Amino acid sequence: MAKDYYKILGVDKNSTKEEIKKAYKKLARKYHPDVNKDSGAAEKFKEINEAAQVLGDDTKRQQYDQFGDADAFKQASGFRGFNASDFGGDFGNFASFDFGDIFDQFFGGGGSIFGGGGRRRREPSRGADLRYDMEITLEEAAFGVEKEISIPRNEQCPECKGLGAKSEKDIETCPDCNGTGTVRRTQRTPFGMFSSTSTCRKCHGEGKYIKKECPNCDGTGLVHERRKIKIKIPKGSEEGTNLRVNGEGEAGQRGASQGDLYIVLHMKEHKTFERKGDDIIIKVNIPFTTAALGDEIEIPTLKGNAKLKIPAGTQTGTVFKMRDLGIPYLHGEGKGDELVKVEIDVPTKLNAKQKKLLRDFEKTNKKKHWFSK
């Protein structure tokens, strides 16, 4: 009967690599020949290592899943299975072995027996993104504006053009890793000879190193500058509007692309208007005579004063809508409205004549009760 690697490790086909790793670790501890002296322990130990060797490698696991049969998989892939020679001819000393360390390496894909090949040479990293918080007025939000800001950032060194070297001739292939960016190390473990790869310390994974650094940037390829940038604030901007300016972040390493600049907008409090979405709200006081008799008054707007007709009998708290005098829509056509909330201004000081007129008015007023019965 063909081997089922999933059953051997006690996991299902949808198990993650971490779950396979835990299952392998548990079984390896249980059946390691130094711990388990049963006659079948050594064979069982070989079996779980073979299963883990396949399921711990993404490529081998995919091939195995396609065939669904260990024998067919071995025949098609050339995988020879597991034997003691994979671990140097013996199983090593269990007592001196750090399982946690070796399993992390096995499943890390760094050139271990669970495969995956070596690491790629590290590419120069893209520049960092920057954030700038900007305050704007209600008028600037309504009509749009262009502002100039000054931001500190890392920029490409003008002397070496971001190379970090005094000249191009001073950039050489790293002799420690031969330009690969990684170094390979082989060591003996309780499971035999184990090879791993790590980032080259001399070139930090770049595959090249600088023999003579640029004196202007000390080999970093970057200089710290303060840059002035013009920003266009669109009509209809609101609190929290986020503007992205491509390529205005910090410079990347060794000529890599620049990051982006993000402008986050905040609204200054207005002394006259309150904003609610795309509408603006204003409160105005009118004389009680205007409320009673009606009149036409001037109302402040974002574009200057405008006429508003107050009908006779207007009550306090009435809200009038002045269409299209609010904030333009940020996305799409159209504008919000200006909402005018009127409050009736009751005089606190009256002369004798005014008092008499009001008393005469009161006598002729048919509405005697100001409360509901």
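Everything below is about the structure printed above this text.
From a predicted model like this one, the values you see are computed outputs, not experimental measurements.

Colleague: Please clarify how the packing of aromatic side chains should be interpreted in this entry.
Modeller: Centre distance and the angle of the planes are the two values used to describe a pair of aromatic rings. If you walk through the whole model with that rule in mind, you get two aromatic pairs. A centroid spacing of 4.8 Å and a plane angle of 45° characterise the contact between tyrosine 5 and tyrosine 64, whose relative ring orientation is tilted. Taken as a pair, tyrosine 5 in helix 1 (residues 5–9) and tyrosine 64 in helix 4 (residues 58–67) lie far apart in primary sequence, 59 residues in all. Of the two residues, tyrosine 5 and tyrosine 64, neither departs from the other in class, the shared state being buried. Between tyrosine 6 and tyrosine 64, the ring centres sit 6.0 Å apart and the planes meet at 40°, which makes this aromatic pair tilted. With tyrosine 6 in helix 1 and tyrosine 64 in helix 4, this pair connects stretches of sequence that are 58 residues apart. Following the ring pairs from residue to residue traces out a cluster consisting of Tyr5, Tyr6 and Tyr64. Positioned above the aromatic ring of tyrosine 31 is the side chain of lysine 44, whose terminal nitrogen or guanidinium carbon lies 5.9 Å from the ring centre. The positively charged end of lysine 202 is found above the aromatic ring belonging to tyrosine 209, 4.6 Å away from the centroid.

Colleague: Is there a simple way to think about the pattern of salt bridges in this case?
Modeller: Opposite charge on two side chains makes pairing possible when the charged atoms of those side chains draw close. In total, this model carries 15 salt bridges according to the counting rule given. As a salt-bridge pair, glutamate 47 and lysine 44 come within 3.7 Å of each other at their nearest N and O atoms. One end of the pair, glutamate 47, and the other, lysine 44, are both in helix 3 (residues 41–55), three residues apart, so they sit about a helical turn from each other. Exposure remark for glutamate 47: the relative accessible area of 24% places this residue in the partly exposed category. We classify lysine 44 as partly exposed; its relative accessible area is 24%. Between aspartate 360 and lysine 356 there is a salt bridge, with the nearest N and O atoms lying 3.1 Å from each other. Of the two residues, aspartate 360 and lysine 356 both sit in helix 9 (residues 352–364), four residues apart, roughly one turn of that helix. Given the relative accessible area of 52%, lysine 356 is considered exposed. Linked through salt bridges whose partners overlap, the residues forming this network are Arg126, Asp129, Arg244 and Asp260.

The rules behind each value
Residues numbered from 1 in each chain as written. Predicted model: local features only at pLDDT ≥ 70, side-chain atom pairs only at ≥ 80, totals over all residues. Heavy atoms only, no water. Phe/Tyr/Trp six-rings, centres within 6.5 Å; stacked < 30°, edge-to-face > 60°. Helix = DSSP H or I, 4+ residues; strand = E, 2+ residues; numbered from the N terminus. Buried < 20%, exposed > 50% of the residue type's maximum accessible area, 1.4 Å probe, protein only. Lys NZ or Arg CZ within 6 Å of the ring centre and 35° of its normal. Salt bridge = Lys/Arg side-chain N within 4 Å of Asp/Glu carboxyl O.

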